[in-house]
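One-letter residues, chain by chain:
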Amino acid sequence: MSERPQNDDPDPTDAFDDMVEAETHRDPDLAVIEAGSRTLRAQAGPPQGDQVPARPADPEVDRALRAVEEELAGRWGETQLDPSVQRIVALLDILGTPQRAYPSIHITGTNGKTSTARMIEALLSAFELRTGRYTSPHVQSITERISLDGSPISAERFIETYRDIAPYVEMVDAQQEYRLSFFEVLTAMAYAAFADTPVDVAVVEVGMGGTWDATNVIDADVAVITPIALDHTDRLGETPEQIAGEKSGIIKKDATVVLAQQPVDAASVMLKRAVEVDATVAREGMEFGVLSREVAVGGQMLTLRGLGGEYPEVFLPLYGAHQAHNAAVALAAVEAFFGVGSEHARPLDIDTVRSAFAAVVSPGRMEVVRRSPTVVLDAAHNPAGAQAAAEAVTEAFGFSRLVGVVGASADKDVRGFLEAFEPIFAEVVVTRNSSQRAMDPDELAAVAVEVFGAERVQVEPRLDDALEAAITLAEEEGEFSGAGVLVTGSVITVGEARLLLGRN
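Residues numbered from 1 in each chain as written. Predicted model: local features only at pLDDT ≥ 70, side-chain atom pairs only at ≥ 80, totals over all residues. Heavy atoms only, no water.

*Asks:* A description of unusual backbone geometry should follow, citing residues and the corresponding values.
*Replies:* Residue proline 137 is bonded to the preceding serine 136 through a cis peptide linkage, with omega at -10°. Cis rather than trans, the peptide bond between serine 372 and proline 373 has omega equal to -5°. As for its placement among the helices and strands, proline 373 is situated in the loop between β13 (367–370) and β14 (374–377). Its identity is not glycine, yet threonine 97 carries a phi of approximately 45°, on the positive side. (Helix = DSSP H or I, 4+ residues; strand = E, 2+ residues; numbered from the N terminus.)

Given below as structure tokens:
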């Protein structure tokens, strides 16, 4: 099944003025806060996308990597947290504060962080800067989390980095009430690897929240906040306003904060924080944004408004309006890093920007991994992400019938997630991934039946069986019917499906 081209090209005349007008009307309550904050708007060969790495071919290296993975897995997992940066600060101090050896761009938000980080990395690399990128969680290999120059760190380098810091980790463990967590050790490894390379700039995605996240020991020149929605409410707060308070902790004194479009109450909190620390603000829909977008084969064609001007005919090989907005945020972040809007007004070189975006990949995000029938993977795991995925698959593909494969985590808003997909899934096959956090398939099925009805729900406890069942359902309409399969619910589900379907 091929992507569905679309010819409705909006008239770009006065498009930015229209965008500002719409945003101004959407957020009237922010006028007082905005009046007290500085806003940023100018007056006037990248890597070819890293692939998800396979297991090391060398048996000795593979054994060593598995040993490191087991040691890390023996620590607190990413969902078991003590809200403090005390342990990571102690470790990095012993290591000589490697996180201060390079400038950084720090990214938080609820959805879109990893894709935005990859776009920022591609742009910086295209302008011939050495980059380090730290993102989480990983799709298939733990080494994906730390990238150097646009590619995941090698297994050998990952092992070496861990062994280099391991004695210091043990020292801190002995001094603290709780041992360093899995995520804290990985964060220290990333910062150490970036300093050792050395990189010109680090692109760092928070693990959860912001203020007390282990990554928040950097004083980033640019803080990026992608759209905020309800997720991890037991730890971050039960309203967008409370969550924004936690996430705005990455905004540091005199930094530039790049804000994606946000709920009004969340934006209010972030802008107040910017005023408090004298940060400069660039807001999507005001200082920058998406002027126009067309669905194209393999992605979409964009016209972006940056801090320094317009960037027409930018091809982005990713699907969905949400990815277009991520691209606008990424472009503004890189412009801000280079001083566009504050030091000079000229836009970045358009050809370099175009080549960078054309090379972007984001594995597991609306990723097509099979044809006949088409199988798409998307790592949506909360209602907001599910809504974006549902809109993207509807827009980009002309599926006559879509079968969902859903394996979710037990701590998520599963009902809200399924409700977002109900209008587009003809049937749904519920399953589970290998994580201990995975929701029991029968419990997931019970919720799915309430949303879809019993006749549209099938239970397959094993993911491989669920994929086979979904593909069989899609094939029932025949080879040329246009049916498809969407696998979603969790990054882990998507990663395991990717392996089962023969990707790496």
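From this point, the narrative continues.
*Asks:* Which residues make up the pattern of salt bridges, and what values go with them?
*Replies:* Per the counting criterion, the structure on display carries 24 salt bridges. The closest approach of N and O atoms between aspartate 219 and arginine 100, which form a salt bridge, is 3.2 Å. With aspartate 219 in the loop between β6 (201–205) and β7 (222–225) and arginine 100 in the loop between α4 (86–94) and β2 (104–108), this pair connects stretches of sequence that are 119 residues apart. The class for arginine 100 is exposed, based on a relative accessible area of 52%. Through salt bridges that share partners, Arg55, Asp62, Arg66 and Glu69 make up one connected network. (Salt bridge = Lys/Arg side-chain N within 4 Å of Asp/Glu carboxyl O. Buried < 20%, exposed > 50% of the residue type's maximum accessible area, 1.4 Å probe, protein only.)

*Asks:* If you had to explain the confidence of the model for the protein chain to someone new, which residues and values would you point to?
*Replies:* Close inspection of predicted coordinates is inappropriate for parts of the model with low pLDDT. Residues at a pLDDT of 70 or more form 86% of the protein chain, whose mean pLDDT is 87. Scored below 50 in pLDDT, residues 1–10 shows 29 contacts in the model against residues more than four places distant or in partner chains. Counting contacts from residues 41–50, a segment whose pLDDT is below 50, to residues more than four positions away or on other chains yields 39 contacts. (pLDDT = per-residue confidence, 0-100. Contact = heavy atoms within 4.5 Å.)

*Asks:* Residue-level account of the packing of aromatic side chains, with values.
*Replies:* What the rule picks out here adds up to ten aromatic pairs. With centroids separated by 5.0 Å and ring planes inclined at 50°, the aromatic side chains of tyrosine 319 and phenylalanine 397 adopt a geometry described as tilted. Separated by 78 residues along the polypeptide, tyrosine 319 in the loop between β12 (310–316) and α11 (321–337) and phenylalanine 397 in the loop between α13 (383–396) and β15 (401–406) bring together distant segments of the chain. Accessibility expressed as a relative area gives 2% for phenylalanine 397, which makes it buried. Both rings, one in phenylalanine 397 and one in phenylalanine 399, keep their centres 5.2 Å apart while their planes meet at 5°; by these two values the pair is stacked. (Phe/Tyr/Trp six-rings, centres within 6.5 Å; stacked < 30°, edge-to-face > 60°.)

*Asks:* An account of the sheet that holds strand β10 (residues 289–296) is requested, with residue identities and associated values reported.
*Replies:* Sheet architecture is open: three strands sit in the order β10-β11-β12, paired in antiparallel fashion. If you trace the sheet from one side to the other, it starts and ends with β10 and β12, each paired once. On average, each strand axis in the sheet is inclined to that of its neighbour by 15°, with strand direction left out of account. Bridge analysis of β10 against strand β11 (residues 299–305) gives seven bridges, and the strand direction is antiparallel. Pairing of glycine 289 across the sheet is with arginine 305, part of β11. Seen against the sheet, α11 touches β10, β11 and β12 and runs at an angle of roughly 40° to β11. (Pairing = 2+ DSSP bridges. Axes fitted to C-alpha atoms, helices over the stretch in contact; angles between N-to-C directions.)

*Asks:* Tell me about the nonpolar core, and please be specific about residues and values.
*Replies:* Judged by nonpolar contacts, the single largest core of 42 residues is most densely connected at Leu72, Ile146, Phe158 and Phe194. Of the residues forming this core, the biggest block, eleven residues, is contributed by helix α7 (residues 182–196). Ignoring sequence-local partners within four residues, the contact set of phenylalanine 158 consists of Leu65, Val68, Leu72, Ile142, Thr143, Ile146, Ile153, Leu186 and Met189. Formed by 41 residues, the second largest nonpolar core is a distinct cluster that contains Met119, Ile120, Val329 and Val353. (Core = buried A, V, L, I, M, F, W, Y, C linked by side-chain atoms within 4.5 Å.)

*Asks:* Could you give an account of the environment of threonine 215, with specific residues and numbers?
*Replies:* Within the secondary structure, threonine 215 is located in the loop between β6 and β7. On the accessibility criterion, threonine 215 (0% relative accessible area) is buried. Taking the C-alpha atoms as reference, threonine 215 lies 9.2 Å from isoleucine 250; in sequence the two are 35 residues apart. With near-sequence residues (within four places) excluded, threonine 215 lies in contact with His106, Tyr134, Phe183, Thr187, Tyr191, Val204, Glu205, Val206 and Gly207. A polar contact of 2.9 Å, which involves the side chain of threonine 215, links it to the side chain of histidine 106. (Polar contact = N/O pair within 3.5 Å; in protein donor to acceptor, adjacent residues only side chain to side chain.)

*Asks:* So what's going on with the side chain of arginine 75? Residues and values would help.
*Replies:* Summarising the element assignment, arginine 75 is placed in the loop between α3 (59–73) and α4. Discounting chain neighbours no more than four positions away, the residues touching arginine 75 are Val169, Asp173, Arg179, Leu180, Ser181, Phe182 and Val185.

*Asks:* Quick rundown of the packing of α13 against helix α14 (residues 414–421)? Include the residues and the values.
*Replies:* Across the interface, α13 lies against α14 with an axial gap of 8 Å and an inter-helix angle of 10°. Relative to α14, the element α13 lies roughly parallel. Judged by residue contacts, Pro383, Ala386, Gln387, Ala389 and Ala390 of α13 engage Gly416, Phe417, Ala420 and Phe421 from α14. Its residues placed into classes, the contact of α13 with α14 shows seven nonpolar, two polar and no charged. (Parallel < 35°, antiparallel > 145°, perpendicular 65-115°, else oblique. Nonpolar A, V, L, I, M, F, W, Y, C, P; charged D, E, K, R; others polar.)

*Asks:* Which residues make up helix α6 (residues 155–175), and what values go with them?
*Replies:* In this model α6 runs 30 Å from its N-terminal to its C-terminal C-alpha over 21 residues, within 8% of the 30 Å that 1.5 Å per residue would give. Along its length, α6 reaches its greatest deviation from straightness, about 40°, at alanine 166, and the proline proline 167 lies no more than four positions downstream. If you check which residues of α6 are buried, you get Ala155, Phe158, Ile159, Thr161, Tyr162, Ile165, Ala166, Val169, Val172 and Asp173. (Expected span 1.5 Å × (residues − 1). Bend = angle between axes of the 7 residues up to and from the residue.)

*Asks:* Any chance you could break down the sheet that holds β15 for me, citing the residues and the numbers?
*Replies:* Read across the open sheet, the six strands follow the order β13-β14-β18-β15-β16-β17; overall the sheet is mixed. The outermost strands of the open sheet, each flanked by one partner alone, are β13 and β17 (457–459). Going from strand to strand, the sheet's axes swing by 25° on average, the running direction of each strand aside. Strand direction decides the pairing type here: β15 and strand β18 (residues 483–488), joined by six bridges, are parallel.

*Asks:* Quick one: what's the story with the pairing of β18, residue by residue and with numbers?
*Replies:* With six of six residues buried, β18 lies mostly within the body of the structure. The two faces of β18 match: Ala483, Val485 and Val487 on one face and Gly484, Leu486 and Thr488 on the other face are all buried. In the sheet, β14 pairs with β18 via four bridges, with the strands oriented parallel. If you follow leucine 377 over to β18, its bridge partner there is valine 487.

*Asks:* How would you summarise α11 if you had to cite specific residues and measurements?
*Replies:* Relative to the 24 Å expected for 17 residues at 1.5 Å per residue, α11 spans 25 Å between its end C-alpha atoms, a close match to the ideal helical length. Taking burial as the measure, the 17 residues of α11 include 13 buried ones, the bulk of the element. Positive phi shows up at glycine 339, right after α11, with a value of about 90°.

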